[in-house]
Each structure stands twice: as C-alpha cells, then as structure tokens.
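Residues per chain are reported as follows:
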Amino acid sequence: MAESSIEWTDATWNPVAGCTVITPGCTNCYAMRMAARLSAMDMEKYVGLTRKSGQRHVWTGKIRLDKASLELPLTWRKPRHIFVNSMSDLFHDAVPADFISEVWEVMRQTPQHTYQLLTKRPSRMREIAGVLNRKPLRNAWLGTTVEHSDTLWRLDELRKTPAAIRFVSFEPLLGSVAEADLSKIQWAIVGGESGPRARPMDKEWVEEIRDLCREYKTAFFFKQWGGVNKAKTGRKLDGRTWDEMPSRLT
C-alpha cells in the first residue's frame, strides 16, 4: 500500500498486478508505464507484466496475485480512502473469484477505511458482487470507467450492482457522453488524459457531465484537464475546483 497523489483518494492497495488492453481508453494507461518502470527496477511483482510495442509499453495480459499484500489494510488504523488495484482490475477474468472473496473479507474487517473499486469490466463485477455484496458493505464504493459514448452501457451494469455507493470515472474522457444516464450513480469523476501521448478533452464534454450531475443530483469531481503537462493545465473549471464527494455512509 502507498500514499497516493490521486486527487480523489488517499492511498492505493494492489493485491493484483497486471491487466489487458480492452478499449481505446486503455491505450495510454499510466499503469502500463508505471509497471514497466517498476519492472526495470527489478520489482518482482511487475516483471513480465508489460512488453515494448513501438515507443510504449503495453500489458502482456499476465496477471499476478499478491497474497502477501492482502493484510496490509489491517495494519492501517487511521481511516483512509483506498483505491483498490490502481495497477490492475480486480474483476479481470484471470482473477479468481475466491481471491476477490479474500479481498472482500479484508474490506469487511476494516470498516474504518473507505474502499474505492474501479473496473472496466462491470459485468463481472455485477456477477461477483451479487454474491459477495448482496448486503452491500457500507465502506465499499463500486465504480466503472466510461471513456466515451461507446462504453455508456457500463453504467447499466453498474446500476444492477449492489453497492452502498456507485460511481463512474469519465477518465480519460475521449468524447461526449451527453446521453449518460446517471440515475442511481452517486459520484462522477471527470479527467482528461495525461502523459506523453495524451489525447485532447473538450471543455464542452466536461460541462455536459457537470450539468448531468446537477440533473441527477450526482456529486461532481473534476480531477484534471490532463495533457502532456497536467501540472500546467491544472484542474480548475470555470475558475474553481470541483471536489464534491458522495454522502458518506460509513
């Protein structure tokens, strides 16, 4: 586990490492670059998880379970927002359901923390949460990523998922999602892509989401404009920061 600079969380916890590119939103994934860097530093957990493709590193599809890290949240007494698997996807097809159950048990044993689980595979999340989270953990927020209109279907899967808090990350936002249905979605994060090959994000797309959040009474969190130098572009929209969070149920 590590303290995080991600604006909407406090720390990251990675009991799984490695992933697979499945949509255009994965193309410039920061976790691929980070995994390659950690592999070059001989961190065994990340060795072999990426390969060089042209000028960038991409996932190999190999998944590594890190059982040693499972109990780390038990050692953190101070309440934290914890992003689960910033370097993978807990609901990847290669992650056994029994292992996900072990992650759930750790979350159950640490009610002082708030866990934020984000996936691009909401159908499997719905299936597994239907068993593990039938009575939703009050400290587990379940979310999905939507990059453009082609992935709006993920919101329908999320709505069918039992959760105390449901959230959507529109990051990297690659197109208009003005038709998004945010009913039963308590929180929306919006962010532009960052890094050396960052694709642009239009202000109009961000404003559309903010207006939808007002319509559906969904908390709106604007993470960043992104770009090659995200520090320079900042995270203000219309002269202010937007750091709304869903109502705490914990």
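Relevant structure appears above.
None of the values given here were measured: they were computed from a predicted structure.

Engineer: Where do I start with the state of the cysteines in this structure?
Structural biologist: One pass over the full model with this rule turns up zero disulfides. With no disulfide of its own, Cys29 lies 6.7 Å from the sulfur of Cys26, the closest cysteine sulfur.

Engineer: Please clarify how the pattern of salt bridges should be interpreted in this entry.
Structural biologist: Two side chains carrying opposite charge are able to pair once their charged atoms lie near each other. What the rule picks out here adds up to 18 salt bridges. Arg126 is paired through a salt bridge with Glu157; the nearest N and O atoms lie 2.9 Å apart. Of this pair, Arg126 sits in helix 3 (residues 122-132) while Glu157 sits in helix 4 (residues 153-159), and the two are 31 residues apart along the sequence. Between Glu157 and Lys160 there is a salt bridge, and its shortest N-O distance comes to 3.8 Å. Looking at Glu157, the relative accessible area reads 10%, which means it is buried. Exposure remark for Lys160: the relative accessible area of 54% places this residue in the exposed category. Each of Lys203, Glu207, Arg210 and Asp238 takes part in a single network of salt bridges with overlapping partners.

Engineer: I tried to follow the pairing of strand 5 (residues 56-59) on my own but got confused; where do I start?
Structural biologist: Every regular strand shows the same layout, with side chains that alternate between the two sheet faces. The pairing of strand 4 (residues 50-53) with strand 5 spans four bridges and is classified as antiparallel. Within strand 5, the residue paired with Arg51 across the bridge is Val58. Taking the residues that link successive antiparallel strands as the turn, the strand 4-strand 5 hairpin has two residues, and the phi of Gly54 there is positive, at about 65 degrees.

Engineer: Please explain the sheet that holds strand 7 (residues 81-84) as it appears in this structure.
Structural biologist: Hydrogen bonding along the main chain pairs the strands of a sheet, whether they run parallel or antiparallel. The sheet built from eight strands is open, its strands ordered 1-2-7-8-9-10-11-12 with mixed pairing. Edge positions in the sheet fall to strand 1 (2-3) and strand 12 (219-224), since each of these pairs with one other strand and no more. Summarising the sheet, strand 10 (residues 165-170) and strand 11 (residues 187-191) pair through four bridges and their orientation is parallel. By the bridge assignment for strand 11, Ser169 is matched with Ile189. Against the sheet, helix 2 (residues 97-109) engages strand 2 (11-13), strand 8 (114-119) and strand 9 (140-145), with an angle of about 155 degrees to strand 8.

Engineer: I keep staring at the environment of Met32 and nothing clicks. Help me out?
Structural biologist: In this fold, Met32 is placed in helix 1 (residues 30-40). Among the residues examined, Met32 registers a relative accessible area of 1% and is labelled buried. Other than its neighbours up to four places away in sequence, Met32 contacts Val21, Cys26, Thr27, Thr50, Arg56, His57, Val58 and Trp59.

What counts and what doesn't
Residues numbered from 1 in each chain as written. Predicted model: local features only at pLDDT ≥ 70, side-chain atom pairs only at ≥ 80, totals over all residues. Heavy atoms only, no water. Disulfide = S-S within 2.5 Å. Salt bridge = Lys/Arg side-chain N within 4 Å of Asp/Glu carboxyl O. Helix = DSSP H or I, 4+ residues; strand = E, 2+ residues; numbered from the N terminus. Buried < 20%, exposed > 50% of the residue type's maximum accessible area, 1.4 Å probe, protein only. Pairing = 2+ DSSP bridges. Contact = heavy atoms within 4.5 Å. Axes fitted to C-alpha atoms, helices over the stretch in contact; angles between N-to-C directions.

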